[in-house]
Amino acid sequence: MAASDEGGKLEAQSLAPHLKQLRCVLAVCRAGSTARASEALPLSQSAIARAIRQLESSLGLTIFDRGARGMLATAEGRLLAHRASRAMAQLELAETEAARLADEAARGLELRRGRFSGACSHRHLQTYIAFCESRGESAAARRLGVSQPAVNQALRQVEHMLGTRLFQRSSRGMRLTESGEAVLRRAKLAMDELRHAHEDLGALRGRMRGRIVVGSLPLSAGVLVPRAVDRVLSRHRDLHVTIVDGTYDALLNQLLHADVDVIVGALRPWAAGPEIVQETLFTDTLCVVARRGHPLLDEPPCGLRELEAAPWIAPLSGTPAREAFERAFAAEGVAAPRGLLEANSAVVVQALLMDSDRLALLSRRQIVRGVSAGLLAVVPLQIHETERQIGLTMRADADPGSALRMFMDEIRLLAQEDL
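Keep in mind that this is a model prediction, so the values were computed, not measured. (Residues numbered from 1 in each chain as written. Predicted model: local features only at pLDDT ≥ 70, side-chain atom pairs only at ≥ 80, totals over all residues. Heavy atoms only, no water.)

1. A closer look at the side chain of T393
Put simply, the test is: Numbering of helices and strands runs from the N terminus, with a helix taken as a DSSP run of H or I at least four residues long and a strand as a DSSP run of E at least two residues long. Using a 1.4 Å probe on the protein chains alone, a residue whose accessible area is under 20% of its type maximum counts as buried, one over 50% counts as exposed, and one in between counts as partly exposed. In this description, contact between two residues means that some pair of their heavy atoms is separated by no more than 4.5 Å.
Relative to the elements of secondary structure, T393 occurs in strand 14 (residues 388-395). A relative accessible area of 2% means that T393 is categorised as buried. In this view, T393 contacts L255, V262, I263, L267, I276, V277 and Q278; residues no more than four positions away in its chain are not counted.

2. What to know about the packing of helix 2 (residues 19-31) against helix 4 (residues 45-59)
Stated formally: Axes here refer to lines fitted to C-alpha atoms; in helices the fit is confined to the stretch in contact. Angles between the N-to-C directions go from 0 to 180 degrees. For classification purposes, an angle smaller than 35 degrees is called roughly parallel, one larger than 145 roughly antiparallel, one from 65 to 115 roughly perpendicular, and anything else oblique. In a left-handed crossing the near helix is turned counterclockwise from the far helix by less than a right angle, and in a right-handed crossing that turn is clockwise.
At their nearest, the axes of helix 2 and helix 4 sit 9 Å apart, and the two run at 110° to each other. One way to sum up the angle between helix 2 and helix 4 is to call them roughly perpendicular. With respect to the hand of their crossing, helix 2 and helix 4 are arranged in left-handed fashion. Contacts from Q21, L22, C24, V25 and V28 in helix 2 reach I48, A51, I52, Q54 and L55 in helix 4.

3. Quick notes on the sheet that holds strand 12 (residues 359-363)
Neighbouring strands of a sheet are bound in pairs by backbone hydrogen bonds; such pairs are parallel or else antiparallel. The condition that has to hold: Between any two strands, pairing holds if DSSP finds at least two bridges.
Pairing within the open sheet is mixed, and its five strands lie in the order 11-10-12-9-13. In this open sheet, the two strands that pair with only one neighbour each are strand 11 (341-342) and strand 13 (376-378). Of the strand pairs in this sheet, strand 10 (residues 312-314) and strand 11 are connected by two bridges, and their pairing is parallel. Considered in strand 11, the bridge of A314 is made with E342. The strands touched by helix 15 (residues 346-354) are strand 9 (286-291), strand 10, strand 11, strand 12 and strand 13; relative to strand 12, the strand with the most contacts, the crossing angle is about 135°.

4. Quick notes on the packing of aromatic side chains
Inclusion rule: Two rings from Phe, Tyr or Trp (for Trp, the six-membered ring) form a pair when their centres sit within 6.5 Å of each other. Planes less than 30 degrees apart are called stacked, planes more than 60 degrees apart edge-to-face, and all others tilted. Definition used: whenever NZ (Lys) or CZ (Arg) falls within 6 Å of the ring centre and also within 35 degrees of the ring normal, the charge is taken to sit over that ring.
Summed over the entire model, instances satisfying the criterion amount to four aromatic pairs. Between W312 and F329, the aromatic rings sit 5.4 Å apart at their centres with planes inclined by 80°, giving edge-to-face as the arrangement. Note that W312 is positioned in strand 10 and F329 in helix 14 (residues 320-330), a separation of 17 residues in sequence. Accessibility classification places W312 together with F329 in one group, the buried group. Ring-pair connections join several aromatic residues into one group, and the members of that group are W312, F325 and F329. R365 extends its terminal NZ or CZ atom over the ring of F282, reaching a point 3.8 Å from the ring centre.

5. Let's talk about the pattern of salt bridges
Which entries qualify depends on this criterion: Salt bridges are defined as contacts in which a side-chain nitrogen from Lys or Arg sits within 4 Å of a carboxyl oxygen from Asp or Glu.
Within the structure shown, the criterion is met by 25 salt bridges. The salt bridge partner of R83 is D200, with a shortest N-O separation of 3.0 Å. In this pair, R83 is assigned in helix 5 (residues 75-101) and D200 in helix 10 (residues 178-204), connecting sequence segments 117 residues apart. As far as the burial class goes, R83 and D200 line up, both buried. Between R195 and D192 there is a salt bridge whose closest N-O contact spans 2.6 Å. Of the two residues, R195 and D192 both sit in helix 10, three residues apart, roughly one turn of that helix.

Any functional reading would require information beyond the geometric quantities listed.
Quick look at the structure:
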C-alpha cells in the first residue's frame, strides 16, 4: 500500500471504535503470542489472531512481526499497546472509584470488579459520555444519531457492568451520582488516550494530524497563544486547533476531564496538587495602561498613590492578576481602589479603555497589538510588586500526543522572545 493511502486510512479511522481489538494487541504484547494471550482474555487464540488481522487491515499497517518463536510488536504495535494500556488503566480506575464512591442505596448491587474495564465497548463509552453531557437520553440519541431505546440499553449495560448506580432521575431532570461523575471523567480520559494513539500513529508516519484544545486564561498570555498556534498551523495545516477562554476554575475542570489539553496563563502555585503539574515559562509584570491621548500621558503621576481615586478596571477577585493589582497599591502604602469595575475578558477591557479615561494594570505582552495600532499606551510610571508566573498547566498523569508536544515546544520558544 502506498504511503499516501496509508495516511488516508489513518486520517479516516479513529482508534476508539477498535477498543476490543486493542485489548487483544495489548494482551499479545504482554504475552508474546496469541496462545498465551488467550489465557488472559475470554477469547480463543483464533479470535485474538483474527481481531489483530482485522485491525492491521483497517489501519493499513503491521502491528506484529510473526515468527516461529512468537509475535514481536513493531514500532506501531508498541505505540498502540502503550496507549491501550493507559486507556485500560483509566477504565480500571473507573471501576475502583465507582465502587468506593457508591452510596448505601447502590451497595445492594453486585460489584463486578474487572468486568467494565474488560468488556465495555466504544459504544458504551460514547453513549455514556453523550448522555452525561446532554443530560438526557433523547438528546444523547439525537447527538449520536441512534434511537432512544439504544441509548437506554447501553446505559443499563454500563451500570450492570459496574454494579453501581451512576445517575438518578427526578422531576428536575437527571443527576449524576458521585460514582457517575467518577466514571464520566475516567471514560473521557480513556477516550483521550485512544485519540492520542491515532495522532501518534500519523506522526510516526510523518503525517501530523489531530486536534489540540488550548485553554487560554484571560488577561494573562496576550499574544503568546495566538502566535504559537499560527506558527504550528503554518507548518501543519491538517491540525485542528481550538482555543477556549474561561476562568481558571472552569478551564481546570475541563482539563481534568480531557476536554482541554493544556492551560496557558498565570499559574496558581497554591493550586498545585497531585492531579496537575505547572511549568513556568516566564515572569510577567504589569504596567498602567490607558487610551491613546489620555491626560495622564502628558502629565504622568509620580506613583499609584495619586491614582487611588481614578476610575480603574480591575481583574476578577481571586486571580493572580487581582492579587498583583492589590500588591501594587499596597507597595505604596495605600489601599486598592474601591468601587471597581471588574472584567476578565481582554477584549472587553481594551474596549473599555479605548472608550473612556479608565485605567488598568495589564501585561505589556497583552497590549502589543493595541499599542502598535496606536489605540493604547503605557503610562510612564514605575510599578512594584506585580510579578506573576506565566506558564503551562497540565494533568499530572498526561502523556501528551505528538501534536500537543509540538505546540508546547513552540510556546516555550516564544516565551523566550521579546514579544
